[in-house]
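Summary of structural features
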Amino acid sequence: MSEVNTKKPKLKVAPNSKESEMMVLGCMLTSVNSLNIGADSLAARDFYYHEHQTIFSSLQSAYKSDRPADVHLICEELKRQEKLEDVGGALYITTLAQYAGTSAYIEEYINLIRNKSLLRKMITSAQAIEKDALSEPKDVNSLLDEAQASLFAISQDANQKEGIVLKDLLEGKQTREKLPYLKELQERQEEFHNREPGQAPVTGLPTYYTDLDTMINGLNPANLIIIAGRPSMGKTALAVNMVENVAFKSNAAVAIFSLEMTADELLHRMICSQAEVESDRIRTGSLDGNEYQRIVGAVNEMKKQKIIIDDQPGLKISDLRARARRLKEIYDIKLIVIDYMQLLSGSKSHYNSENRQNEISEISRMLKTLARELEIPIIVGSQLSRKVEERAGHRPMLSDLRESGSIEQDADIVMLLFRPEYYNPQHKPGLAEIIVAKNRHGKVGSVNLTYRKSLAQFQNYTPMEAESESGEPKADAFAAFSPGN
């Protein structure tokens, strides 16, 4: 007869360290320095035992009120609150004070308490996620975004900052690069002197449009950048060209969320641009040997790059954020492009036309938060309203952004795309103007680019070739781009 296992299952207890909690409280009761460190570093909720939470709250209150705190004073305060017996009486507080012998290590004990507290928060969050998942909600992707946000909030709490000492910034202890300021400045000097001819000295990812990079200082981390224009103005082409430049010239991983065009269509555009072969010739196959070889070279080069295309239509902002986080984790993407904002949906299931502005506000706010969370620039295409068509000259303005209030507020940079030939095919064909209408960290103004429509390609504008000595455009300056050629 087999022996019956009479061993009781071990009761699972949430992670905690009673001894560490007692040690910290004892040190705080007997040392002013320990009181300062403990009150600054912990919160009552970090303690597992209720009596310890109560005692710590009393100690922290004394610290914040700049009052002394020892065994007798804390006992009197708890007695006044009618909580002394709940924490074990004066005898237990006296016992805590006996743990003060090793107060030199209070910071180690504090770290133990915080780690146990973080584990408990993770368990609580996981249990809430499990409960929500078992309820089988209709909107699974929103639940996934909420779950990720919940865990991300815990990670932020683990690395929370109470402020940064200027000395630490200068010594590089709190900076992204972890380099002393003067050392980083020296490296910038070296980069400036070693840059290629014609390359703009920028701190962000260069777009390789020299005048634009000079104005906006490249594509900087945590920035939300809007490229806005009327339909068929070239928003997608400009965004895709920036993707190509960053991927091919800076060798960085880039993600494109294309809500309007398929992955095949985007690939076709990139091949046209990289091989410099007209779209129609590729579509029809009417290629000569030289063009075919250029396409082969472009395809082989593109295989080496990390350009990730997500062409799922009708994405919710919560879905996009979840996918972006995964791409950052898997590919360490350095830039996200979204084409375009008005095709995104808010996180809620239903919106009507009346609160569309609220939906766009939510989307722009969450995109800015995502840029800060992932510490990368995000470029977003956006439509301009029809007010542009009614204005003499048709030059776009910041107020022309559709549902503009929140977009204008959340964006770090807003670029408005304007091509005169869009309204008059004979007026400066091939000229594109990028109007930097908002630049939170620099100057505003406009720069010119050259647009090759047959290749869907923007290039640096060279005024020496296009202007006469008087500064006026030559009559045939854009003849190569004329619809008749």
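Scroll up a little and you will see the structure.
First, a word on what this report is: a plain description of the structure on this page. Computed from a prediction, not measured in an experiment: that's the story for all the values here. (Residues numbered from 1 in each chain as written. Predicted model: local features only at pLDDT ≥ 70, side-chain atom pairs only at ≥ 80, totals over all residues. Heavy atoms only, no water.)

**What about the overall build of the protein?**
The condition is simple: Secondary structure elements follow DSSP: runs of H or I of four or more residues count as helices, runs of E of two or more count as strands, with numbering from the N terminus. Remark: exposure states derive from per-residue accessible area (1.4 Å probe, protein chains only) relative to the maximum for the residue type, with buried under 20%, exposed over 50%, and partly exposed in between. Whether two residues are in contact is decided by their heavy atoms: any pair within 4.5 Å suffices.
When you go through the protein residue by residue, the secondary structure sums to 19 helices and 9 strands. Residues counted as buried form 45% of the 485 residues belonging to the protein. Residue pairs in contact within the protein that sit at least 24 positions apart in sequence constitute 66% of those at least 6 positions apart.

**Regarding helix 14 (residues 289–302)**
Quick note on the threshold: The span expected for a helix works out to 1.5 Å for each residue beyond the first. As used here, the arc belongs to the directions running from the helix axis to the C-beta atoms. Two N or O atoms count as a polar contact when they lie within 3.5 Å, although within protein this holds only if one can serve as hydrogen donor and the other as acceptor, and sequence-adjacent residues are included solely when both atoms are side-chain atoms.
Compared with the 20 Å implied by 1.5 Å per residue over 14 residues, the 20 Å span of helix 14 between its first and last C-alpha is a close match. Within helix 14, the full set of buried residues consists of Glu291, Ile295, Ala298 and Met302. For helix 14, the angular spread of the buried residues around the axis is 65 degrees, confining them to a single face. Opposite the buried face of helix 14, by more than 90 degrees, sit the exposed residues Gly289, Asn290 and Gln293. Regarding helix 14, its N-cap is Asp288, as a side-chain oxygen of that residue lies 3.2 Å from the backbone nitrogen of Asn290 further along.

**Observations regarding the pairing of strand 1 (residues 224–229)**
Stated formally: The pairing criterion for strands is at least two bridges between them, as found by DSSP.
The element strand 1 is largely enclosed, with a buried count of 6 among its 6 residues. The alternating pattern of strand 1 places Leu224, Ile226 and Ala228 and Ile225, Ile227 and Gly229 on opposite faces, both of which are buried. With 6 bridges connecting them, strand 1 and strand 5 (residues 378–383) associate as parallel partners. By the bridge assignment, Leu224 is partnered in strand 5 with Ile378. As defined by bridge partners, strand 1 adjoins strand 6 (residues 413–418) across 4 bridges and the pair is classed as parallel. Bridged to Ile225 within strand 6 is Ile413.

**Structural notes on the packing of helix 4 (residues 71–80) against helix 5 (residues 89–97)**
Just so we agree on the cut-off: Between N-to-C directions, angles cover 0 to 180 degrees, with each direction set by a line fitted to C-alpha atoms, over the stretch in contact for helices. In this scheme the crossing of two helices becomes right-handed for a clockwise turn of the near helix relative to the far one and left-handed for an anticlockwise turn of less than a right angle.
At a minimum axis distance of 10 Å, the contact between helix 4 and helix 5 shows a crossing angle of 145 degrees. In the packing of helix 4 onto helix 5, the handedness of the crossing is right-handed. Contacts between helix 4 and helix 5 involve Val71, Ile74, Cys75 and Leu78 from the first element and Ala90, Ile93, Thr94 and Ala97 from the second.

**Remarks on the nonpolar core**
Heads up, the condition is: Nonpolar core, defined: a set of buried Ala, Val, Leu, Ile, Met, Phe, Trp, Tyr and Cys residues in which side-chain atoms within 4.5 Å join the residues together.
Counting residues in each nonpolar core, the largest one holds 44 residues, and the members touching the most others are Leu212, Met415 and Phe458. Take this core: its biggest share by element is 9 residues, from helix 11 (residues 235–249). The contacts of Met415, once residues within four sequence positions are left out, are Leu212, Ile225, Ile226, Ile227, Ala228, Met242, Ile434, Ile435 and Val436.

**Here we look at the side chain of Glu421**
Take Glu421: it is sitting in the loop between strand 6 and strand 7 (431–439). On the basis of relative accessibility, which here comes to 13%, the residue Glu421 falls in the buried class. A polar atom in the side chain of Glu421 sits 3.0 Å from the backbone nitrogen of Gly430. With residues near it in sequence (within four places) discarded, Glu421 still touches His427, Lys428, Pro429, Gly430 and Tyr451.

**So, the packing of helix 15 (residues 317–331) against helix 16 (residues 356–374)**
When two helices pack together, their arrangement is given by the angle between their axes and by how far apart the axes lie. Heads up, the condition is: Each angle gets one of four labels, with under 35 degrees taken as roughly parallel, over 145 as roughly antiparallel, 65 to 115 as roughly perpendicular, and the rest as oblique. Residue classes follow a fixed rule: Ala, Val, Leu, Ile, Met, Phe, Trp, Tyr, Cys and Pro count as nonpolar, while Asp, Glu, Lys and Arg count as charged, and any other residue, Gly among them, counts as polar.
At their nearest, the axes of helix 15 and helix 16 sit 11 Å apart, and the two run at 10 degrees to each other. Here helix 15 lies roughly parallel to helix 16, going by the angle between them. Read as a crossing pair, helix 15 and helix 16 show a hand that is right-handed. Taken together, the residues of helix 16 that come into contact with helix 15 (itself represented by Ile317, Leu320, Arg321, Ala324, Arg325 and Lys328) are Ile363, Met366, Leu367, Thr369, Leu370, Glu373 and Leu374. Its residues placed into classes, the contact of helix 15 with helix 16 shows 8 nonpolar, 1 polar and 4 charged.

**What about the packing of aromatic side chains?**
The condition is simple: Here a Phe, Tyr or Trp ring, Trp counted by its six-membered ring, pairs with any other such ring whose centre lies within 6.5 Å, and the pair is stacked when the planes are under 30 degrees apart, edge-to-face when over 60, and tilted otherwise. Note on geometry: a ring has a charge over it if NZ (lysine) or CZ (arginine) is within 6 Å of the ring centre and within 35 degrees of the ring normal.
The full count for this structure, using the stated rule, is 3 aromatic pairs. With centroids separated by 4.9 Å and ring planes inclined at 35 degrees, the aromatic side chains of Phe47 and Phe56 adopt a geometry described as tilted. Overall, the relative accessible area of 0% leaves Phe56 in the buried class. Ring geometry for Tyr48 and Tyr49: centres 5.0 Å apart, planes at 90 degrees, overall edge-to-face. The ring centre of Tyr340 lies 5.9 Å from the NZ or CZ of Lys235, which sits over that ring.

**Quick notes on the sheet that holds strand 5**
Spatially, the 9 strands line up as an open sheet ordered 3-2-4-5-1-6-7-8-9, and their pairing is mixed. Bordering the open sheet on either side are strand 3 (307–310) and strand 9 (457–460), each of which pairs with just one other strand. The mean angle between the axes of side-by-side strands here comes to 25 degrees, regardless of whether they run parallel or antiparallel. When strand 8 (residues 445–452) meets strand 9, the two strands line up antiparallel, connected through 4 bridges.

**Details of the pattern of salt bridges**
Heads up, the rule is: For this document, the term salt bridge refers to a Lys or Arg side-chain nitrogen within 4 Å of an Asp or Glu carboxyl oxygen.
Here the structure, examined in full by the defined rule, presents 13 salt bridges. Where Arg80 meets Glu77, a salt bridge forms, and the shortest distance between an N and an O atom there is 2.6 Å. Here Arg80 pairs with Glu77, and both are found in helix 4, just 3 residues apart, close to one helical turn. A residue is classified by how much of its surface remains accessible, and Glu77, at 19% relative accessible area, is buried.

**So, unusual backbone geometry**
Cis rather than trans, the peptide bond between Asp339 and Tyr340 has omega equal to 0 degrees. The phi dihedral of Ala456 falls on the positive side, at around 50 degrees, and the residue is not glycine. By secondary structure assignment, the location of Ala456 is in the loop between strand 8 and strand 9. Overall, the relative accessible area of 12% leaves Ala456 in the buried class.

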